[in-house]
Amino acid sequence: SAWDVVVPGGDVMAADSDPTSDAMWVATNSALYRVAADGTATKASDLDVAKGIRVGQTGGMAVGGDGRVFVVGVGFATLHVFTPSTNTWGKIDLDPQVAPTSVALSRITRGPSGDIWTGLPLNLFRVAKGASTATMVAVCGGKAENCPTLSRSTDGKFYGEVKIDITNY
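Residues numbered from 1 in each chain as written. Predicted model: local features only at pLDDT ≥ 70, side-chain atom pairs only at ≥ 80, totals over all residues. Heavy atoms only, no water.

> It is not clear to me how the sheet that holds strand β8 (residues 88-94) should be interpreted in this structure. Could you clarify?
By definition, the strands of a sheet pair up through backbone hydrogen bonds, in either a parallel or an antiparallel sense. One open sheet holds the eight strands; their spatial order is β5-β6-β7-β8-β12-β11-β10-β9, and the pairing between them is mixed. A strand with exactly one partner marks an edge of an open sheet, and here the two such strands are β5 (61-63) and β9 (108-110). Ignoring which end each strand starts from, the neighbouring axes of this sheet average 25° apart. Where β5 lies against strand β6 (residues 69-72), three bridges are found, and the strand directions are antiparallel. Looking at β6, one finds that Val-63 is bridged to Val-69. (Pairing = 2+ DSSP bridges. Helix = DSSP H or I, 4+ residues; strand = E, 2+ residues; numbered from the N terminus. Axes fitted to C-alpha atoms, helices over the stretch in contact; angles between N-to-C directions.)

Right, dumping it as structure tokens:
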């Protein structure tokens, strides 16, 4: 009948379940927390705003099937990854066939096989489990407003909405 506060401070910006355990990962405006099934929150890492590692209104986070935590960088097209086993941050490279852009990556989600999906206004990317590169999967259309909204489904399919059309990838 009531909510328990488990993250001690900061505004919660995004959260995702961990498919490799019964934990949740929560990103605030300044830190990344692992929340165990009993509700105990442990600070895993600070988010380095100076390096663009933060979760904002245009960003998000998702936990991959390999347990890595992916955080969309704010500003340029950047995707950061936190590896809990080594307590380190890294950066996922975008597919080299896609020119860098000043537009931020938008939605992010875990696909049914544990891979990560994210999009720019014109491109949809996939990061395979364990990979260090985001591969372009599809061109989303010819206009910047075609930024995809991403969803995963229990039927084993992954869905991306491009403007008003829904496409199954």
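Back to the text.
> Would you take a moment to explain the pattern of salt bridges for this structure?
Opposite charge on two side chains permits them to pair, given that their charged atoms come into close proximity. The tally for this structure, following the rule as stated, stands at four salt bridges. The salt bridge involving Asp-46 is made with Lys-43; its shortest N-O contact spans 2.6 Å. The partly exposed category is assigned to Asp-46, whose relative accessible area is 48%. The residue Asp-115 makes a salt bridge to Arg-126 at a minimum N-O spacing of 2.5 Å. On the criterion of sequence distance, the pair formed by Asp-115 in the loop between β9 and β10 (116-119) and Arg-126 in strand β11 (residues 123-127) is long-range, its members being eleven residues apart. Given the relative accessible area of 4%, Asp-115 is considered buried. What makes Arg-126 partly exposed here is its relative accessible area of 31%. (Salt bridge = Lys/Arg side-chain N within 4 Å of Asp/Glu carboxyl O. Buried < 20%, exposed > 50% of the residue type's maximum accessible area, 1.4 Å probe, protein only.)

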